[in-house]
Amino acid sequence: MATGHTDPQRRERILAATLDLIADEGVAGVSHRKIATRADVPLGSMTYHFTGIDDLLRQAFTRFANHIVAVFEEHLSRARSAEQAREAVTDLVHALSDGPRRDLILAQELYTLAARHPEYRQLTHQWMQRSRHLLEQHFDADTARQLDALIEGLTLHRALDTSPHRRELTRQAVIRITAA
């Protein structure tokens, strides 16, 4: 194990290991010891970098939410017209649902945690606000809110269905919500 002086990325490795552990075992399987082992850091590093397990979870899930917002931004930033924005939303649904299973699991773990613990709702609220803000660059606020929910729902349905719906169905849903 590297010491703190020669391991400037230790905190980031701990956050990455936390997300990996959550994806493998769920939030219920998280412990300082398991994370330290996975990150290959001394157990004492956990309390040096984080005030407790809740602080660690909040920071790890914030990192994950930032990643998903970056995926939104990557898709939506290319759109220059309403039609391109609709296509970007369709692409986004399929990129998220066909993407890493890890992201799907982490999103569901965060939603479950937020449903049980109000302090995590603020994190999901901020995530939704950022997603909607990106959508509002192309659509009015009400449509952006509906699209955000549609993206979440279609992504989940496509990812979990034994025969996911076709791209055309996603496109039709996006057009129905954005036709105004």
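Here, every reference points to the structure presented above.
Only a predicted model underlies this, so the values are computations on that prediction, with no experimental measurement involved.

1. Considering the packing of helix H4 (residues 53–76) against helix H5 (residues 82–98)
- Where H4 contacts H5, the axes come no closer than 8 Å and their chain directions differ by 145°. Every pair of crossing elements has a handedness; the one defined by H4 and H5 is right-handed. Counted together, Ile68, Val71, Phe72, His75 and Leu76 of H4 and Ala85, Ala88, Val89, Asp91, Leu92, Ala95 and Leu96 of H5 form the full contact between these two elements.

2. Looking at the nonpolar core
- In this structure, Phe61 and Phe72 are the most contacted members of the largest nonpolar core, which totals 51 residues.
- Elements supplying a minimum of two residues to this core: helix H1 (10–25), helix H2 (32–39), H4, H5, helix H6 (101–116), helix H7 (118–135), helix H8 (141–160) and helix H9 (167–178).
- It is H4 that contributes the most residues to this core, eleven residues altogether.
- For phenylalanine 61, the contacting residues outside a window of four places in its chain are Leu19, Ile22, Val27, Leu106, Glu109, Leu110, Leu113 and Leu123.

3. Quick word on H8
- For H8, spanning 20 residues, the distance from its first C-alpha to its last is 29 Å, which sits close to the expected 28 Å at 1.5 Å a residue.
- Along H8, the residues that are buried comprise Thr143, Ala144, Leu147, Asp148, Leu150, Ile151, Leu154, Thr155, Arg158 and Ala159.

4. Some details on the pattern of salt bridges
- For the structure shown, the criterion picks out twelve salt bridges.
- Between arginine 171 and glutamate 87 there is a salt bridge whose closest N-O contact spans 2.9 Å. You can see arginine 171 sitting in helix H9 and its partner glutamate 87 sitting in helix H5, a full 84 residues away along the chain.
- Measuring nitrogen to oxygen at the nearest pair gives 3.0 Å for the salt bridge that ties arginine 158 to aspartate 98. Highlighted residues: arginine 158 in helix H8 and aspartate 98 in helix H5, separated in sequence by 60 residues.
- Exposure remark for arginine 158: the relative accessible area of 9% places this residue in the buried category.
- Residue aspartate 98 is classed as exposed on the basis of its relative accessible area of 55%.
- Each of Glu87, Asp91, Arg167, Glu168 and Arg171 takes part in salt bridges that share partners, so that together they form one network.

5. Focus on the side chain of serine 45
- Turning to its location among the elements, serine 45 is positioned in helix H3 (residues 44–49).
- Side-chain polar atoms of serine 45 contact the side chain of arginine 10, separated by 3.0 Å.

Definitions and cut-offs
Residues take numbers from 1 onward in each chain, read along the sequence in its written order. Restriction of local features to residues with pLDDT of at least 70 applies here, the model being predicted, together with a cutoff of 80 or more for giving and counting side-chain atom pairs; totals for whole chains, interfaces and linings are based on all residues. As a convention, hydrogens and water are excluded, and side-chain values are obtained from all of the structure's heavy atoms. Axis definition: a line fitted to C-alpha atoms, limited for helices to the stretch in contact. Angles are taken between N-to-C directions and run from 0 to 180 degrees. Helical segments are the DSSP runs of H or I of at least four residues, strand segments are the runs of E of at least two, and each set is numbered from the N terminus. What makes a crossing left-handed is the near helix being turned counterclockwise from the far one by less than a right angle; a clockwise turn instead makes it right-handed. Residue contacts are counted whenever heavy atoms from the two residues lie within 4.5 Å of one another. Only buried residues count toward a nonpolar core, which is a set of Ala, Val, Leu, Ile, Met, Phe, Trp, Tyr and Cys residues joined through side-chain atoms within 4.5 Å. Each residue is assigned to one of three classes by its accessible area relative to the maximum for its type, calculated with a 1.4 Å probe on protein chains only: buried under 20%, partly exposed between the two thresholds, exposed over 50%. Given a helix with a known number of residues, its expected span is that number minus one, times 1.5 Å. Here, a salt bridge means any Lys or Arg side-chain nitrogen found within 4 Å of an Asp or Glu carboxyl oxygen. Identification of polar contacts relies on pairs of N or O atoms within 3.5 Å, with a donor-acceptor requirement for protein atoms, meaning one able to donate a hydrogen and the other able to accept it, and with residues adjacent in sequence counted only if both atoms are side-chain atoms.

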